Amino acid sequence: MPDYTADLIVNNANIHTVNSDAPKAQSFAVKNGKFVAVGTNSDTKMLSGANTKIWDLKGYTVIPGFIDAHIHVLSSGSRHVMAADCDLRSISDVQEALKRRAAKTEPGQWVQGFKYDDTKTEENRFLTTSDLDKVSTELPIFVSHRAGHVYYANSKALSLAGFTDESPDPHGGKLGRDPNTGKLNGVIYERAVETFKELLPKVEPEDRRRGLKLINGMLSEVGLTSVHDASVSNDEFVTYQEGLDNGDLDLRVYMLMAKPHFPALRDAGIRTGFGNDNLKVGGIKMVSDGAIAARTAFLSEPYIGSDHDDCGIQAMSAEEINESVREMHSEGFQVCIHANGDLAISMVLDAYEAALKEFPKSDPRHRIEHCTLVNPEILTRMNKTGTIATPFCTYVYYHGEKMQYYGDERLEWMFAQKSFMEYGVMSTGATDYPPGPYEPLLGIQSCVTRTDINGTLWGPSQKISPQDALRIYTLNGAYASFEESAKGSIEPGKLADFVVLEEDLLDVDPFSIKDIKILKTVVGGKTSYEL
């Protein structure tokens with residue numbers, strides 16, 4: 001005889017289901033990792049049995065588990081293990097952190113740092129070779145900007161990479177130079193980094209395992225239950241599978257595979273969607289331009305205050321984009337291309353439109369990762385092609401001091417959650433950590449208030465309601481991975497992924513949303529974090 005008793009019943013809760021047909025509930029029941037009933041206490045009472053756990057939440061708020069649709073998960077975990085955290089407020093502090101790392105580094109090995117952010121430092125400038133040579137001239141030193149896309153090398157690292165003052169800029173990248181002398185200054189832009197990546201030490205399996213365990217805990221603590229890891233290598237794929245087997249992975253992971261792995265996946269007959277509810281192959285990730293936080297996004301108009309009419313960096317040619325999209329689309333893959341600037345976004349849409357015309361497909365759900373600076377033409381084209389946007393959600397709050405380089409007019413069209421809704425474009429919650437802080441509640445507050453850490457309002461026309469921000473961070477994220485029928489809302493038959501909050505994010509002062517405490521994070525009915 002079938003056993004219908006629930007494994008878990010949640011009672012007396014303030015539940016926001018994100019189900020438009022039944023947006024509020026008091027109780028739900030969970031069995032075998034899925035919601036089986038949602039309603040009032042009396043609706044779920046009949047499913048209680050001798051072994052059913054009962055949680056009386058005494059009015060605490062429950063929402064679906066948060067989904068970050070663009071975040072660097074395993075690579076960030078590995079960097080936390082292998083590199084100095086350079087999220088510091090002065091260059092001297094960064095140098096000290098790198099010296100501590102250097103003291104533990106064997107001769108001939110590299111000293112690495114990450115999360116350096118020039119506009120957060122007292123000096124308000126990029127690192128230079130001179131800065132890093134004060135740490136060491138014997139050991140090669142390599143530091144990445146918090147945004148990625150810009151890197152810093154000491155003289156030893158430049159020498160090992162074979163770069164001299166006479167070196168030309170590599171394809172899709174640029175070598176920074178002293179404006180007075182023309183000599184290399186140690187700043188490395190975009191694809192110029194590829195030479196260094198071949199020299200940097202490989203991440204060992206144990207480092208990846210340690211990194212996975214660390215980042216899994218960090219993200220679970222802030223209410224994330226699903227993530228779209230935005231560039232997964234073959235080795236990281238293996239580590240994810242190991243983590244799933246040994247219990248180190250609670251998060252559900254949709255893997256955006258790095259472009260170089262596309263041929264092997266194609267030849268093995270693996271397509272977007274291969275996997276299970278815990279670990280799934282997603283789209284293929286490419287990068288077409290630079291970064292917003294590093295001011296290298298490819299724009300149609302120059303950055304404000306820039307020298308020589310700087311419009312950013314184009315990391316892929318239109319021909320490269322068109323050829324790659326055509327092949328990936330025709331082979332049944334979702335395509336996920338990083339494009340921040342309006343010029344880069346337009347080039348990506350050209351490729352999507354051409355591929356869809358040649359190989360029609362009713363629901364491709366190709367994505368523009370970040371999709372930062374848009375306009376009515378771009379939005380109309382995205383609607384017609386069904387293209388998904390994954391804009392930065394924590395940037396306005398955290399990176400406010402960088403917004404001045406874009407100007408008020410452009411800011412009304414950046415991180416444009418309101419406009420995406422108005423034009424019928426599906427958009428998600430995303431942070432891109434490390435470039436942006438990973439806390440979903442911070443992302444929601446940033447989308448709702450459009451106000452930075454110093455109280456400055458940026459692009460107020462793009463404010464959205466807390467209800468819309470919650471949907472963007474849950475159900476819309478599920479849609480971006482073709483999983484809206486399996487998760488993203490609290491409904492019978494869906495995966496029992498949910499978060500318990502101390503306060504109601506839809507009812508508090510919007511400027512306090514980021515401070516709401518996460519009491520529990522639950523994945524498939526099992527607690528992954530508890531305060």
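Residues numbered from 1 in each chain as written. Predicted model: local features only at pLDDT ≥ 70, side-chain atom pairs only at ≥ 80, totals over all residues. Heavy atoms only, no water.

1. Here's the deal with unusual backbone geometry
With an omega of 15°, the peptide bond between Y433 and P434 qualifies as cis. Mapped onto the elements, P434 comes out in the loop between α15 (417-422) and α16 (440-449). Its identity as a non-glycine residue notwithstanding, C371 has a phi of 45°, on the positive side. Looking at the element boundaries, C371 is found in the loop between β19 (367-370) and α12 (376-385). The class of C371 is buried, set by a relative accessible area of 0%. In this structure, R450 takes a positive phi of about 50° despite not being glycine. Residue classification places R450 among the buried positions, given a relative accessible area of 2%. (Helix = DSSP H or I, 4+ residues; strand = E, 2+ residues; numbered from the N terminus. Buried < 20%, exposed > 50% of the residue type's maximum accessible area, 1.4 Å probe, protein only.)

2. A word on the pairing of strand β22 (residues 518-523)
Burial analysis of β22 places six of its six residues in the buried class, the great majority of the element. As paired strands, strand β21 (residues 498-501) and β22 are joined by four bridges and run antiparallel to one another. If you follow V499 over to β22, its bridge partner there is T521. Looking at chain direction, β22 and strand β23 (residues 526-530) are connected through four bridges and run antiparallel. When the bridges of β23 are listed, K520 appears paired with E530. Counted between consecutive antiparallel strands, the loop separating β22 from β23 contains two residues, among which G524 sits at a positive phi close to 60°. (Pairing = 2+ DSSP bridges.)

3. Considering the sheet that holds strand β4 (residues 27-31)
Taken in spatial order, the four strands of this open sheet run β5-β4-β1-β6, and their pairing is mixed. The open sheet terminates on both sides in strands that have one partner only, identified here as β5 (34-39) and β6 (53-56). Looking at each pair of strands side by side, their axes are set apart by 15° on average, direction ignored. (Axes fitted to C-alpha atoms, helices over the stretch in contact; angles between N-to-C directions.)

4. What to know about the confidence of the model for the chain
Across the chain, pLDDT averages 96, with 100% of residues at or above 70. The lowest-confidence element of the chain is helix α14 (residues 407-411), averaging 94 in pLDDT; the highest-confidence one is strand β7 (residues 61-64), averaging 99. (pLDDT = per-residue confidence, 0-100.)

5. As for helix α7 (residues 205-221)
Between its first and last C-alpha atoms α7 spans 24 Å; for 17 residues at 1.5 Å apiece the expected length is 24 Å, and the two agree. For α7, the complete set of buried residues consists of D207, R208, G211, L212, I215, N216, M218, L219 and S220. In the core, the buried residues of α7 are packed alongside β8 (66-71), α2 (74-82), β15 (224-232), α8 (234-246), β22 and β23. Remark: G223 follows α7 within two positions and exhibits a positive phi of approximately 95°. (Expected span 1.5 Å × (residues − 1). Contact = heavy atoms within 4.5 Å.)

6. Some points on the packing of aromatic side chains
Considering all chains together, one arrives at 17 aromatic pairs under this definition. Measuring from ring centre to ring centre gives 6.2 Å for F35 and F498, while their planes differ by 40°; the resulting arrangement is tilted. Placement of F35 in strand β5 and of F498 in strand β21 is noted, with a sequence separation of 463 residues between them. No difference in accessibility class separates F35 from F498, as the two residues are buried. Ring geometry for F392 versus F415: centroids 6.3 Å apart, planes at 70°, classification edge-to-face. Remark: F415 occurs in the loop between α14 and α15 and F392 occurs in the loop between β20 (388-390) and α13 (395-398); sequence separation between them is 23 residues. Across the pair, exposure class does not vary: F392 and F415 are buried alike. (Phe/Tyr/Trp six-rings, centres within 6.5 Å; stacked < 30°, edge-to-face > 60°.)

7. Digging into the packing of α2 against α7
Relative to each other, α2 and α7 sit at 110°, their axes nearing to 7 Å. Of the possible angle classes, the one that applies to α2 and α7 is roughly perpendicular. In the packing of α2 onto α7, the handedness of the crossing is right-handed. Here α2 contributes L74, S76, G77, S78, H80, V81 and M82 to the contact with α7, which in turn contributes D207, R208, R210, G211, L212, L214, I215 and M218. For the contact of α2 with α7, the residue count by class is seven nonpolar, five polar and three charged. (Parallel < 35°, antiparallel > 145°, perpendicular 65-115°, else oblique. Left-handed = near helix turned anticlockwise from the far one by under 90°. Nonpolar A, V, L, I, M, F, W, Y, C, P; charged D, E, K, R; others polar.)

8. Here we look at empty space enclosed by the protein
Here the structure, examined in full by the defined rule, presents three cavities of 30 Å³ or more. Estimates place the volume of the largest cavity at around 50 Å³. As for the largest cavity, its lining consists of F392, C393, T394, Y395, V396, F415, Q417, S446, C447 and R450. Of all the secondary structure elements, the ones that give two or more residues to the lining of the largest cavity are α13 and α16. For the lining of the largest cavity, the per-class residue count stands at six nonpolar, three polar and one charged. In this structure, the second largest cavity encloses a volume near 50 Å³. (1 Å grid on protein atoms, 1.4 Å probe; cavity = no way out; pocket = protein on both sides within 12 Å on 5 of 7 lines; lining within 4 Å. Points joined across faces, edges and corners; volume = space filled by probe spheres on them.)

9. Section: the pattern of salt bridges
The tally for this structure, following the rule as stated, stands at 32 salt bridges. Linking E353 and R381 is a salt bridge whose minimum nitrogen-to-oxygen distance equals 2.8 Å. On the criterion of sequence distance, the pair formed by E353 in helix α11 (residues 342-358) and R381 in helix α12 is long-range, its members being 28 residues apart. What makes E353 partly exposed here is its relative accessible area of 29%. (Salt bridge = Lys/Arg side-chain N within 4 Å of Asp/Glu carboxyl O.)

10. Concerning the side chain of Q462
Tracing the backbone through its elements, the reader meets Q462 in the loop between α16 and α17 (466-472). A distance of 3.0 Å separates a polar side-chain atom of Q462 from the backbone nitrogen of K418. Those residues in contact with Q462 that lie beyond four places of it in its chain are E412, W413, M414, F415, A416, Q417, K418, S419, C447 and R450. (Polar contact = N/O pair within 3.5 Å; in protein donor to acceptor, adjacent residues only side chain to side chain.)

11. Examining α11
Taking 1.5 Å of rise per residue, the 17 residues of α11 would be expected to cover 24 Å, and the 24 Å separating its terminal C-alpha atoms lies within 8% of that figure. Those residues of α11 that fall on the buried side of the exposure criterion are D342, A344, I345, M347, V348, L349, A351, Y352, A355 and L356. Summarising the contacts, the buried residues of α11 are in contact with α10 (318-330), β18 (335-339), β19 and α12.

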